[in-house]
Every structure is written in C-alpha cells, then in structure tokens.
Amino acid sequence: MPASEPVRFGRKRALPSCPNPLFLQWLTELRDEAKEKDLKIQYTYQKAINSLNKYPLPLKNAKEAKILKNFGDGICKILDDKLQRHYRQNGPNASIHSLPKGAPPPDRTYNNNSSSSNSLAPSRKRNDAGKDRGGDGETKKKKREYVPQQRSGGYAVLLTLYRQQQIPGSKGYMFKMELQSEAQPLCDKSFSVPDLGSKYTAWSSVSTLIQKNLLTKTHNPARYSLTDEGLALAERLESVEKERRNVPVEDGRGAAGPEEEEEDAVVDLTASDEEEERGSLSERATGETQSSGDAGRLSLPGKTQVTMTTSRKPNRDCLLPGTYDVILCVDFIETTGGSHYRKQELVKELQRNGVGFDVRKLNVGDFLWVAREKVAPVPGQLRASAGRELVLDYIIERKRMDDLCGSIIDGRFREQKFRLKRCGLRRPIYLVEGSSSSAAHLSLPEATLQQAIVNTQVVDGFFVKRVQDVRESAAYLTVMTRYLSKLYQNRTLVCRSRELEGDVPSDEEERGNPSCSLISFAEFNHGAVKNKCQTVREVFARQLMQISGLSGDKAAAILEQYGTPHSLLAAYEKCGSESEKEKLLSCIRYGKLKRNLGPALSRTVYQLYCTPGALT
C-alpha cells in the first residue's frame, strides 16, 4: 500500500435492541446484587446475560429460555417468579417486550473482550476490586463466616462435642459411633440413612467442619474433637440454644427479636452458591415468619423437652411388646470361606426350618439374637428406614473339634472366652460340634480337648451344648430362636448403656420382670472390636493372661487391687524383704469359690515385673 494513501476507518455498526429487555433488566439486577455480596454466582448471571443478548427472538416466558446456554432450572424459576409478580402488578396483558416508562435501559454489553465494568471475568475480578475499593478508601466486605444451619448435621456435631467437653473429667473427644448417637436428637436428618434420592447423610457435613478448621480427626479408630475456632463457635450456638429454650412455644413471634441477627449468620454448608443466593433473597422476604417457625420447631434434649415433641419421647429408648421381632444374626465368617459346602449347608438348614436370620459382621461370637423394631413402610419411599436393634443376652461361639484344637494351641481359646465375658451379654454359650471320634487324629489328645470343654462350663461358667454335625447345630439355633421369641414376646425392652451393665441383676429373667435392659447392637459391636484402642487396665490384663496358669478370673482379681502396672510396682517397693515381695499376690482370692492365687503364681508375676535381666 502506498504511504500517501489515507487509511479508511469503517463506521461501527449499532447493536440491535434486545427483544427481551425485561428479562435482561432482571438478570442485570441479580448480577449486580450478587456482585455486591461478593458471590461467585455473579459470573453465572453474566453468562446468562451474554446468551440473552445474542438471542434475536422474543420470549413469552422464562421456560422458553431453557434452550439458551447458561440458563438452568434455577435461573428460569427466578425469572418466572419475577414475571408472575410483574403480571400481578401491571395486569395479565402487560407487555414483557418493553420496559416500563422511566426505567433505565438494561445493559447491552455482551462482548467478552470488552473492558466495560459490566462484563465480569473471574481473572479480572480481583484487580478491579483492588482498584475500585483500595483507592477510594472504602473498607472491603468481610468474608461471610461459615455457621452450620440449625438442626443440621454440623450444628448437632458441634453442640454435642461442646456439651461433652463441659462434663467434668470428660476425655475431650468422641468416637464416631457415640458421636452419632448423641448428636441424632439435635438433627432433623439421619446420621446413617440418606434421604430418598440422595447419597448424603447428616454425617457428610463433618468433612466440611474439618475443612473449615472447626473440627479435628485423629487416631484410628477416629477421634473427633473441637478446635479453638470450633469451640468458640459451639459456645455461641449453645448460648443461642439456651436463649431459645427460655422462649415459650405458644408465643412463637417472641423468638424473632433477639435472635434475628444470629439467624442471618446461619448458613447451610451444603448449599450451592445459587441456592445460597435464592435463600438469602427469600429470607428477607419472609422476615420474622421463619425465625418464629424455627423457635416453634425446636427440639430440646433431656428433661426440658418442649410439649410438641414429648409425645414420642417415652418410646425413644424402649421397645414395647409387639413392636419388634426377634432375629438371629449370623457372623459372615460362618457363611463364607473354608469348607463352602458345610457353611452353605448351615444356611440352607436355617432357611428350611423357617428361621428369620441376618448375615452380618460380628466382632465377637458367631451367633446372637437382636430385637429389631418393626418399621412401617412409607408410601413413595424405596426402602423403609432401619429400625432400632437391641441385643438379647444370648451369644454363641461355635467350635468344631479341629477348630477347638487349633484355638487351644495358638492361644485363641482363652482370649475368645475372655472377650465373650467382657462383651456385655450375660448368657454366653459354647456350641461344640463333632463327636469324640472326630478328635482321634488331631494334634492334641482327646482327653485334653474334653478337659478344656469341661473347664469352659465349670470354671468359666459358660453353658456348653454338644452337637454331632451341622444339621444339629441348625436345629439348636432354630429351637433357641423360637424359645427367645416366646420368652420376649410380652416384654418391654429398655435400651441401656454398656457402662451400666452391672446395674441390672443377671437373674432378671428368672424373677419374671417384664422389662429387660439391653444394649443396642451398634454399641455392642463397636465395643467388641478386637483391635480397638485399649486402656492401661485392659493392656495390663492381657499381659497377665500371657502367664501360664493365669486365667481371666485370676487376672480380674489382681486388677481389683492393682489396676495398673505402676500400682503393682509401687506395692512391691513398699515390701520389706524379697520373700514378702514374692508372696504379695498369694492371698488374693479369685473366682466363685474364692480360692487363693497361691505362692507359685505370685512368685512368677513378681519375677516377670521385677527381674532386671532375662528370666531363667
């Protein structure tokens, strides 16, 4: 091109007017409002504005806008609500393709490369904010604090951990199972069963609390405790909860006054940005109605329960006669692995006998029975919610002769009996399967196996049942299931904590008391975990039981006087002579017959804990 030829500049073509100015104006207002609150949904509104600007045809309603890009169900619903409000204010024949008189023209910029302030881009947002706010001396808007919504999973977890920490002498943390059971009354959703059509439970909010540094998760099994920030937040929630308890339920509007500011700070941690935006708009519209509704809906734990919820309080911790079924629970090890044919034969025999059973993981024992609450199916719900389960006081450990021989050799026999005694159930049963001829070719002589069976019944106090084969085992389980169903059919079953197992006499059933105090299955199975975190007392008991001739009863008798190794060593130091130290434990009485522990065993324990070198 010659240098002398002038450069021609074309005239910028005017953009055509948008055929849907009302929708455009509403979207612009929503975007500007979201931008003021520093919500990320502003970018979604801007993308919808760009799509609407490029569409050349008029829209009759917001549903027709679904064909456009970035128009989802949420935006279309908001526009439909605004459209219905527009018709109510201006009449059913009001035009939607022109703006009302005096209204400012909507934003028409949709070029993504434009530097206009109306065109938002996440990459430029921080720079623009710094220029707009920093130079003028305006204070930046504080980031909204995350506070769990009332009666949500996070709300219940924070309050439960806070209340547990306020108990004098508390351990300062909670395990998952006990945290879920304690927090459930404070939450509207279930901690274990997801809602229909959802895969999330109330427990899902715990990950959000950990993310926000309100909760810490340590150890294995997991221990949950509050951080300093979580403790401060839980303290605020507890103070608000106490204020709500003092508000009468009849005067619901009285609750909207002092807590109105606190209600504005409540945020649903699981809500998306779009739901959050719509929620904040609806909260301003409803005003006091929601606050008073929350006060009327509040459920209070303990004796301060409000009248609205006391109707179901008496039945929360007990099962009335006729409201439960007795179900046999079979450990999954008894149906899988090993001799598949023999284990499947047990299942087939139980099915042939018409026994209702459930295969699940049992942390101790092979068979037990639970009283399962009958739950009526809800219309339209795919699966009925899980009913409560209380464990009956009968548990069975099944042993074949070859398995009994192997467990005696490797030490499992004593350990399993010890765990059965400590599981919290009062009627342990040993089911020994096999005849004397089946013990002919085993590693131990038949006399040793017979002696171990007799000791289990006479010394350990277990009920021993001898059967010949799998069919007789299934027949015994069938008879026991029918017997227990009849025994408990007219009884009120009360749920108790495992720590209170000594409060109820063991001969309760012989006295004909119609109310039975039982442990929940979740607490029973959690407490019977083999490799769970143990106390010093439990580890000390296991150490003592490794000594040859020192049974569980003898270890328990020693623990009654010396609960830890430190207390035992302190007692040895107080002794004046070597002979006195060796005989320190000899006079301790153990078992039902109250026999002395004896000098030989006392000397062995002393040598184990006080000999500096190797034992000879």
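All values derive from a computational prediction rather than experimental measurement. (Residues numbered from 1 in each chain as written. Predicted model: local features only at pLDDT ≥ 70, side-chain atom pairs only at ≥ 80, totals over all residues. Heavy atoms only, no water.)

## Notes on the pairing of strand β2 (residues 215–218)
Turning to step 1, where the next piece is worked out: When β2 meets strand β3 (residues 223–226), the two strands line up antiparallel, connected through four bridges. Across the sheet, L215 pairs through a bridge with L226, a residue of β3.
Turning to step 2, where the next piece is worked out: Hairpin geometry of β2 and β3 is characterised by an intervening segment of four residues between the two adjacent antiparallel strands and by a positive phi of about 65° at H219. (Pairing = 2+ DSSP bridges. Helix = DSSP H or I, 4+ residues; strand = E, 2+ residues; numbered from the N terminus.)

## Describing helix α16 (residues 470–487)
Turning to step 1, where the next piece is worked out: Across its 18 residues, α16 extends 25 Å between first and last C-alpha, which sits within 8% of the 26 Å expected from 1.5 Å per residue.
Turning to step 2, where the next piece is worked out: Among the residues of α16, V470, S473, A474, Y476, L477, T478, M480, T481, L484 and L487 are the ones counted as buried.
Turning to step 3, where the next piece is worked out: Its side-chain oxygen 3.4 Å from the backbone nitrogen of R471, D469 forms the N-cap of α16. (Expected span 1.5 Å × (residues − 1). Buried < 20%, exposed > 50% of the residue type's maximum accessible area, 1.4 Å probe, protein only. Polar contact = N/O pair within 3.5 Å; in protein donor to acceptor, adjacent residues only side chain to side chain.)

## Let's talk about the pattern of salt bridges
Turning to step 1, where the next piece is worked out: Tallying each qualifying case throughout the model produces 30 salt bridges.
Turning to step 2, where the next piece is worked out: Across the salt bridge formed by E238 and R163, the nearest N and O atoms sit 3.1 Å from each other. Linking E238 in helix α8 (residues 228–245) with R163 in helix α5 (residues 153–166), this pair joins segments that are 75 residues apart in sequence.
Turning to step 3, where the next piece is worked out: Look at R163 and you get partly exposed, because its relative accessible area is 22%.
Turning to step 4, where the next piece is worked out: Here R398 and E433 are joined by a salt bridge, their closest N and O atoms 3.1 Å apart. Taken as a pair, R398 in strand β8 (residues 389–400) and E433 in strand β9 (residues 427–433) lie far apart in primary sequence, 35 residues in all. Of the two residues examined, R398 and E433, each falls in the buried class.
Turning to step 5, where the next piece is worked out: Salt bridges sharing partners connect three or more residues here, namely E397, K399, D403, D410 and R412. (Salt bridge = Lys/Arg side-chain N within 4 Å of Asp/Glu carboxyl O.)

## Re the sheet that holds strand β1 (residues 174–175)
Strand pairing in a sheet is mediated by backbone hydrogen bonds. Such pairs are either parallel or antiparallel.
Turning to step 1, where the next piece is worked out: Pairing within the open sheet is antiparallel, and its three strands lie in the order β1-β3-β2. Strands at the two margins of the open sheet, each flanked by one partner only, are β1 and β2.
Turning to step 2, where the next piece is worked out: Pairing between β1 and β3: two bridges, direction antiparallel. Within β3, the residue paired with M174 across the bridge is Y224.
Turning to step 3, where the next piece is worked out: In the packing of α5 onto the sheet, contacts are made with β1, β2 and β3, and the angle to β3 comes to roughly 85°. (Contact = heavy atoms within 4.5 Å. Axes fitted to C-alpha atoms, helices over the stretch in contact; angles between N-to-C directions.)

## Some thoughts on the confidence of the model for the protein
Turning to step 1, where the next piece is worked out: For the protein, the average pLDDT comes to 77, and 73% of its residues sit at 70 or higher.
Turning to step 2, where the next piece is worked out: Within the protein, the lowest mean pLDDT, 39, falls on helix α11 (residues 288–297), and the highest, 94, falls on strand β10 (residues 463–467).
Turning to step 3, where the next piece is worked out: Taken as a whole, residues 249–315 scores under 50 in pLDDT and shows 84 contacts with residues more than four places along the chain or in a different chain.
Turning to step 4, where the next piece is worked out: Below a pLDDT of 50 lies the segment residues 500–506, which in the model reaches nine contacts outside its immediate sequence neighbourhood of four places, other chains included. (pLDDT = per-residue confidence, 0-100.)

## Looking at the nonpolar core
Turning to step 1, where the next piece is worked out: Counting residues in each nonpolar core, the largest one holds 29 residues, and the members touching the most others are W369, L392, L484, Y488 and L493.
Turning to step 2, where the next piece is worked out: Going through the elements one at a time, β5 (324–331), α12 (340–352), β7 (367–373), β8, β9, α16 and β12 (515–520) are the ones with two or more residues in this core.
Turning to step 3, where the next piece is worked out: Looking at this core element by element, the count peaks at seven residues for α16.
Turning to step 4, where the next piece is worked out: Within the second largest apolar cluster, 27 residues are counted, among which are C329, L362, F521 and A528. (Core = buried A, V, L, I, M, F, W, Y, C linked by side-chain atoms within 4.5 Å.)

## Remarks on a nonpolar patch on the surface
Turning to step 1, where the next piece is worked out: Together, F332, I333 and V359 line one region of the surface with nonpolar side chains, adding up to about 220 Å² of accessible area.
Turning to step 2, where the next piece is worked out: Assignment of secondary structure puts F332 in the loop between β5 and α12.
Turning to step 3, where the next piece is worked out: Among the residues examined, F332 registers a relative accessible area of 33% and is labelled partly exposed. (Patch = residues over 30% accessible without salt bridge, like charges linked within 9 Å, V, L, I, M, F, W, Y side chains within 5 Å. Areas by Shrake-Rupley, 256 points an atom, 1.4 Å probe, with all protein chains shown as cover.)

## Thoughts on the packing of helix α1 (residues 21–36) against helix α3 (residues 73–90)
Turning to step 1, where the next piece is worked out: The geometry of α1 relative to α3 is characterised by a closest axis approach of 11 Å and an angle of 115° between their N-to-C directions. In the crossing of α1 with α3, the sense of the turn from one axis to the other is right-handed. Of the residues in α3, those in contact with L22, F23, W26, L27 and L30 of α1 are I75, I78, L79, K82, L83 and H86.
Turning to step 2, where the next piece is worked out: Classifying every residue of the contact of α1 with α3 by side-chain character gives nine nonpolar, one polar and one charged. (Left-handed = near helix turned anticlockwise from the far one by under 90°. Nonpolar A, V, L, I, M, F, W, Y, C, P; charged D, E, K, R; others polar.)

## Observations regarding the packing of aromatic side chains
When we look at a pair of aromatic rings, we describe it by the centre distance and by the angle of the planes.
Turning to step 1, where the next piece is worked out: Within this structure, the stated rule accounts for nine aromatic pairs.
Turning to step 2, where the next piece is worked out: Look at Y173 and F175: their rings are 5.7 Å apart centre to centre, the planes differ by 85°, and that puts the pair in the edge-to-face class.
Turning to step 3, where the next piece is worked out: For the ring pair F413 and Y430, a centre distance of 6.0 Å and an interplane angle of 80° mean the geometry is edge-to-face. Taken together, the positions of F413 in helix α14 (residues 412–421) and Y430 in strand β9 put the pair 17 residues apart, joining distant regions of the chain. Of the two residues examined, F413 and Y430, each falls in the buried class.
Turning to step 4, where the next piece is worked out: Note that R360 overlies the ring of F521, its terminal NZ or CZ placed 4.4 Å from the centroid. (Phe/Tyr/Trp six-rings, centres within 6.5 Å; stacked < 30°, edge-to-face > 60°. Lys NZ or Arg CZ within 6 Å of the ring centre and 35° of its normal.)

## A few points about the side chain of E345
Turning to step 1, where the next piece is worked out: Along the polypeptide, E345 turns up in helix α12.
Turning to step 2, where the next piece is worked out: The exposure class assigned to E345 is buried, which follows from its relative accessible area of 19%.
Turning to step 3, where the next piece is worked out: Not counting residues within four places of it along the chain, the set of residues in contact with E345 comprises V470 and R471.

## A word on α1
Turning to step 1, where the next piece is worked out: Here α1 spans 22 Å end to end across 16 residues, near enough to the 22 Å set by a 1.5 Å rise per residue.
Turning to step 2, where the next piece is worked out: Within the span of α1, buried status applies to P21, L22, F23, L24, Q25, W26, L27, T28, L30, R31 and A34.

## Remarks on unusual backbone geometry
Turning to step 1, where the next piece is worked out: Even without glycine at this site, R151 takes up a positive phi of about 65°.
Turning to step 2, where the next piece is worked out: Topologically, R151 is positioned in the loop between α4 (122–134) and α5.
Turning to step 3, where the next piece is worked out: Even without being glycine, N213 reaches a positive phi, approximately 60°.
Turning to step 4, where the next piece is worked out: Take N213: it is sitting in the loop between α7 (205–211) and β2.

## Describing the environment of F357
Turning to step 1, where the next piece is worked out: Tracing the chain through its elements places F357 in strand β6 (residues 357–360).
Turning to step 2, where the next piece is worked out: Exposure remark for F357: the relative accessible area of 23% places this residue in the partly exposed category.
Turning to step 3, where the next piece is worked out: Linking F357 and W369, residues 12 residues apart in sequence, is a C-alpha distance of 8.9 Å.
Turning to step 4, where the next piece is worked out: What F357 contacts, discounting residues up to four positions off in sequence, is I327, L328, V330, V347, L350 and Q351.

## So, the environment of T208
Turning to step 1, where the next piece is worked out: By secondary structure assignment, the location of T208 is in helix α7.
Turning to step 2, where the next piece is worked out: Look at T208 and you get buried, because its relative accessible area is 15%.
Turning to step 3, where the next piece is worked out: Residues T208 and P148 lie 60 residues apart in sequence; the distance between their C-alpha atoms is 9.7 Å.

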